[in-house]
Amino acid sequence: MKYLILFDGICNLCNSTVKFVIKHDQKEKFKFASLQSEFGINFLKERNLSIDHWNSIILYEPNKAYYIKSTAALKIALQMGFPYNLLYIFIILPACLRNIVYDYIAKNRYKWFGKKDQCMIPTPELKKRFIV
């Protein structure tokens, strides 16, 4: 596993984003886990991150680092190849400015896109890409 994306498993926007990444991740660089899963909860606890991080996508590079919010999104885009990697230019903006936009979308994501009653269940062929 090169990268792990932790996401809000009941958020329709987050689930759509995961499906988009899977579709465009030809080299299968990414694995996925819901923040609500046992793995996700333990990940947050081990790093002393609060449950508030369910409002954030987290990109984890094992044995290196983890990134949250807009930094995580931009680093994911960077790994996705052309044309998505062009979005990485926004990394030049301070995270506090980028995260204003990120937090606004995160705050309204359920209202705008809805949410599920339970976390997404991957299809059998995608199950190998998920950590539960």
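Everything below is about the structure printed above this text.
Presented here is a report on the structure given in the accompanying data block. Since this is a predicted model, take the numbers as computed values, not measurements.

Conventions we followed
- Residues numbered from 1 in each chain as written.
- Predicted model: local features only at pLDDT ≥ 70, side-chain atom pairs only at ≥ 80, totals over all residues.
- Heavy atoms only, no water.
- Pairing = 2+ DSSP bridges.
- Helix = DSSP H or I, 4+ residues; strand = E, 2+ residues; numbered from the N terminus.
- Axes fitted to C-alpha atoms, helices over the stretch in contact; angles between N-to-C directions.
- Contact = heavy atoms within 4.5 Å.
- Parallel < 35°, antiparallel > 145°, perpendicular 65-115°, else oblique.
- Nonpolar A, V, L, I, M, F, W, Y, C, P; charged D, E, K, R; others polar.
- Buried < 20%, exposed > 50% of the residue type's maximum accessible area, 1.4 Å probe, protein only.
- Arc of directions from axis to C-beta.
- Lys, Arg positive; Asp, Glu negative; His and termini not counted.
- Salt bridge = Lys/Arg side-chain N within 4 Å of Asp/Glu carboxyl O.
- Polar contact = N/O pair within 3.5 Å; in protein donor to acceptor, adjacent residues only side chain to side chain.

A sheet is described by the order of its strands in space; here 4 strands give the open sequence β2-β1-β3-β4, paired in mixed fashion. Only two strands of the sheet have a single partner each, and these edge strands are β2 (30–34) and β4 (65–68). Between one strand and the next, the sheet's axes are offset by a mean angle of 20°, whatever the strand orientation. Relative to the sheet, helix α3 (residues 69–79) contacts β1 (3–7), β2, β3 (58–61) and β4, its axis offset from that of β4 by approximately 110°.

Let us look at the packing of α3 against helix α4 (residues 95–113). Relative to each other, α3 and α4 sit at 90°, their axes nearing to 7 Å. By the angle class used here, α3 and α4 are roughly perpendicular. Facing K69, S70, T71 and L74 of α3, the residues of α4 in contact are A95, R98, N99, Y102 and D103. Looking at the contact of α3 with α4 residue by residue, the class counts come to 3 nonpolar, 3 polar and 3 charged.

With that settled, consider helix α2 (residues 38–46). Of all the positions in α2, only G40, F43 and L44 are classed as buried. Projected onto a plane normal to the axis of α2, the buried residues spread over an arc of 95° and lie on a single side. For α2, the exposed residues set more than 90 degrees away from the buried face come down to E38, K45 and E46. The secondary structure elements touched by the buried residues of α2 are β1, β2, β3 and β4. Looking at the residues trailing α2, positive phi occurs at N48, about 55°.

As defined by bridge partners, β3 adjoins β4 across 4 bridges and the pair is classed as antiparallel. Its bridge partner being in β4, E61 is matched across the sheet by A65. Linking β3 to β4, which pair antiparallel, is a turn of 3 residues; within it N63 sits at a positive phi near 65°.

With respect to the secondary-structure elements, R98 resides in helix α4. Comment: no salt bridge for buried R98; closest opposite-charge side chain is D103, at 11 Å. Side chain to side chain, R98 and S70 meet in a polar contact 3.0 Å long. Side-chain polar atoms of R98 contact the backbone oxygen of I91, separated by 3.3 Å. Ignoring sequence-local partners within four residues, the contact set of R98 consists of S70, T71, L74, F90, I91 and L93.

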